[in-house]
Amino acid sequence: MALSNPKDFSSSPLMVSVQELVKGPTITIPQQYVRLDQEPLSLSFTAPSPPIPTIDMARLVSGDDDNDLELEKLHSTCKDWGIFQLVNHGVSSSLLDKLKHEVEEFYWLPLEEKMKYKMRAGDWEGYGCRSREGGKLDWVDSLNIITNPVDRRRPHLFPELPSSLRNTLESYLLELQKIAAKLLGSMAKALGIDVEEMMEFFDDGIQAVRLAYYPPCPKPELVMGLFPHSDITLINILHQVNGVDGLQIKKDGLWFPLNINPDAFIVNVGDILQIFSNGVYHSIEHKVSTNAEKERISITFSINPKNGADVGPAPSLINPDNPPLFRKVGVEQYFKDYSSRKPSGKAYLDHMRIQNGQDNSA
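As a convention, each chain's residues are numbered from 1 in the sequence order in which they are written. The predicted origin of the model limits local features to residues at a pLDDT of at least 70 and limits the giving and counting of side-chain atom pairs to 80 or more, whereas totals for whole chains, interfaces and linings rest on all residues. Excluding hydrogens and water, the side-chain values take into account all heavy atoms of the structure.

**Topic: the overall build of the protein chain**
Note the following rule: Counting from the N terminus, the helices are DSSP H or I runs at least four residues long and the strands are E runs at least two residues long. The cut-offs for exposure are 20% and 50% of the maximum accessible area for each residue type, with area from a 1.4 Å probe on protein chains only; residues under the lower value are buried, those over the upper are exposed, and the others partly exposed. In what follows, residue pairs with any heavy atoms lying within 4.5 Å of each other are defined as contacts. What sets the accessible areas is the Shrake-Rupley method with a 1.4 Å probe; for residues, cover comes only from the shown protein chains.
When you go through the protein chain residue by residue, the secondary structure sums to 10 helices and 16 strands. A buried classification covers 53% of the 362 residues belonging to the protein chain. At a minimum sequence separation of 6, the contacts of the protein chain that also span at least 24 residues come to 79%. Accessible surface computed for the protein chain: about 15,500 Å², of which carbon and sulfur atoms make up 50%.

Here it is in structure tokens:
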């Protein structure tokens, strides 16, 4: 998901497009994509995949009794699951149809056109594929762009996108900014935090978008669309553009695939929100599998604190009976430390924990 792993992207000029790899009459999976270390799914005929909770946005903001019930459901979901489907979100089907068309058009462009946006050396923004520890690659091509603050937009990226895609993305991101504000305001209320404290934390914060294309793979069991991780963000909002599933979550130590309502967004708690809530809410470890026959296209919108903010437990939650469980660092240092460590799973969140009353930052 966007802004999750800044230095995990390949910036090599020899960068390979997975989309190009699958165009030939026969497909040989290059060794750098082969992942034999995957944990298996925890499924059997007697233990089907559990459905993740669904939150109704219309009820959440209704202002009547439905609001209280949905707020309680949101609170318990963020504590127990860290991920949910969001329905009745208010984004029009016409805008989502337009977005689908524009994103597909982008990925159908000739490679030389997409390479105008390629990742540059030492940078994680742009078009390319993920490179992991040991030189392994995820089975995905993606376009990663910081979209807010506006003055942080790279001049060769968002401003230079095809105008129809750029304008559609602008409209879509405006809608998601409204959704994020409503969700985070509701979460603050559920946590007993002053809504203004939450708004001050993320208002005009760092926002990023990731357009991901997962080509079909003839042997999906050998590759990984996206490696196991929790997002280091505040929250993420995912839209499965073409309705193809592939997201998997780790719950209670077991991996399960998700079957997503095609009209729903997927919202997940990030590590920063777990820290901000002082461990009341929990981020979810997840990964993406590939499909043997179908391509999967997704868009992830990431919300983060603003520059200059501190990543740490909300001050209003801390008292002698509820000491901080996580240390506090500036948001810039938080992302810098992550990039230098390149952890997997939820290792970086563990790095942020205060162990036995002691700072575990060493």
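**Describing the pairing of strand β5 (residues 207–214)**
Taken across its 8 residues, β5 has 8 buried, putting it largely inside the fold. With burial as the criterion, each face of β5 is covered, one bearing Gln-207, Val-209, Leu-211 and Tyr-213 and the other bearing Ala-208, Arg-210, Ala-212 and Tyr-214.

**Considering the side chain of Gln-248**
Condition: For this analysis, a polar contact is any N or O atom pair within 3.5 Å, provided that within protein one partner can donate a hydrogen and the other can accept it, and provided that sequence-adjacent residues contribute only side-chain to side-chain pairs.
Inspection of the secondary structure puts Gln-248 in strand β8 (residues 247–251). Polar side-chain contacts of Gln-248 include one of 3.2 Å to the side chain of Ser-289.

**Quick word on helix α4 (residues 93–107)**
Worth spelling out the cut-off: Each residue after the first adds 1.5 Å to the expected span of a helix.
Compared with an ideal rise of 1.5 Å per residue, which puts 15 residues at 21 Å, α4 spans 21 Å between its outermost C-alpha atoms and is within 8% of the ideal. Listed in full, the buried residues belonging to α4 are Leu-95, Leu-96, Leu-99, Glu-102, Val-103, Glu-104, Phe-106 and Tyr-107.

**Quick word on the packing of helix α6 (residues 163–191) against helix α7 (residues 195–202)**
Axis angle and axis distance: for two packed helices, these are the angle between their axes and the distance between the axes, and together they describe the pair. As a reminder, the rule being used: Axis definition: a line fitted to C-alpha atoms, limited for helices to the stretch in contact. Angles are taken between N-to-C directions and run from 0 to 180 degrees. When describing relative orientation, an angle under 35 degrees is termed roughly parallel and one over 145 degrees roughly antiparallel, while 65 to 115 degrees is termed roughly perpendicular and anything else oblique. Handedness of a helix crossing follows the sense of rotation of the near helix relative to the far helix, less than a right angle counterclockwise being left-handed and clockwise being right-handed. In this classification, the charged set is Asp, Glu, Lys and Arg, the nonpolar set is Ala, Val, Leu, Ile, Met, Phe, Trp, Tyr, Cys and Pro, and all remaining amino acids, among them Gly, are polar.
Their axes nearest at 8 Å, the elements α6 and α7 cross at an angle of 135°. Considered as vectors, α6 and α7 are oriented oblique to each other. Helix-helix and strand crossings are classified by hand; for α6 and α7 the assignment is right-handed. Contacts between α6 and α7 involve Ala-181, Leu-184, Gly-185 and Ala-188 from the first element and Val-195, Met-198, Met-199 and Phe-202 from the second. Considering only residue class, the contact of α6 with α7 consists of 7 nonpolar, 1 polar and no charged.

**Some details on the pattern of salt bridges**
So the rule is basically this: Should a side-chain nitrogen of Lys or Arg be within 4 Å of a carboxyl oxygen of Asp or Glu, the pair is scored as a salt bridge.
The tally for this structure, following the rule as stated, stands at 11 salt bridges. A salt bridge links Lys-100 to Glu-104; its shortest N-O distance comes to 2.8 Å. In this pair, Lys-100 and Glu-104 both sit in helix α4, 4 residues apart, roughly one turn of the helix. Accessibility expressed as a relative area gives 28% for Lys-100, which makes it partly exposed. A relative accessible area of 11% places Glu-104 in the buried class. Arg-353 is the salt-bridge partner of Asp-350, the closest N and O atoms lying 3.1 Å from each other. Looking at Asp-350, the relative accessible area reads 38%, which means it is partly exposed. The partly exposed category is assigned to Arg-353, whose relative accessible area is 26%.

**A word on the packing of aromatic side chains**
Formally: Pairing of aromatic rings covers Phe, Tyr and Trp, the last counted by its six-membered ring, and requires centre-to-centre distances within 6.5 Å; plane angles under 30 degrees mean stacked, over 60 mean edge-to-face, and any other angle means tilted.
Applying the stated criterion across every chain, the model contains 11 aromatic pairs. Here Tyr-172 and Phe-265 contribute two aromatic rings whose centre-to-centre distance is 6.3 Å and whose plane-to-plane angle is 85°, an arrangement assigned as edge-to-face. Placement of Tyr-172 in helix α6 and of Phe-265 in strand β10 (residues 265–269) is noted, with a sequence separation of 93 residues between them. Phe-265 shares its class with Tyr-172; the two are buried. Site record: aromatic cluster; members linked through ring pairs are Phe-106, Tyr-107, Tyr-117, Tyr-127 and Tyr-213.

**Describing the sheet that holds strand β9 (residues 254–257)**
Selection criterion: Strand pairing requires that DSSP identify at least two bridges connecting the strands.
With antiparallel pairing, 4 strands are arranged side by side in an open sheet as β6-β11-β8-β9. A single partner strand is all that each edge strand has here, and the edge strands are β6 (226–229) and β9. Looking at each pair of strands side by side, their axes are set apart by 20° on average, direction ignored. Bridge count for β6 against strand β11 (residues 285–288) is 2 bridges, and the pairing is antiparallel. When the sheet's bridge partners are listed, Leu-226 is paired in β11 with Val-288.

**Considering the packing of α4 against α6**
Two numbers describe how α4 lies on α6: the axes approach to 9 Å, and their chain directions differ by 135°. When the axis of α4 is compared with that of α6, the two are oblique. Pair α4 / α6 crosses with left-handed handedness. Here α4 contributes Leu-95, Leu-96, Lys-98, Leu-99, Glu-102, Val-103 and Phe-106 to the contact with α6, which in turn contributes Ser-164, Leu-165, Thr-168, Leu-169, Ser-171, Tyr-172 and Glu-175.

**Considering helix α9 (residues 331–341)**
Among all positions of α9, only Val-331, Tyr-334, Phe-335, Asp-337, Tyr-338 and Ser-339 are buried. Summarising the contacts, the buried residues of α9 are in contact with α8 (271–276), β13 (310–311), β14 (329–330) and α10 (347–352).

**Section: the sheet that holds strand β3 (residues 126–128)**
Spatially, 8 strands are ordered β1-β2-β10-β7-β12-β5-β4-β3 in an open sheet, and the strand pairing comes out mixed. This sheet does not close on itself; its edge strands, each paired only once, are β1 (54–56) and β3. Across this sheet, the average inter-strand angle for adjacent strands is 25°, counted without regard to direction. Here 4 bridges tie strand β7 (residues 235–240) to β10, and the two strands are oriented antiparallel to one another. For Ile-235, the partnering residue across the bridge sits in β10 and is Val-269. Seen against the sheet, α6 touches β2 (83–87), β4 (141–148), β5, β7, β10 and β12 (296–303) and runs at an angle of roughly 135° to β7.

**Section: a negative patch on the surface**
Using the following cut-off: Like-charged residues are merged into a patch within 9 Å and nonpolar side chains (Val, Leu, Ile, Met, Phe, Trp, Tyr) within 5 Å, provided each residue has over 30% relative accessible area and no salt bridge. Positive charges come from Lys and Arg alone, negative charges from Asp and Glu alone, with His and the N- and C-terminal ends not counted. By convention, the point assigned to a charge is CZ for Arg, NZ for Lys, CD for Glu and CG for Asp.
Together, Asp-64, Asp-65, Asp-66, Asp-68 and Glu-72 line one region of the surface with negative charge. With respect to the helices, strands and loops of the structure, Asp-66 is situated in helix α3 (residues 65–80). Judged by its relative accessible area of 35%, Asp-66 is partly exposed.

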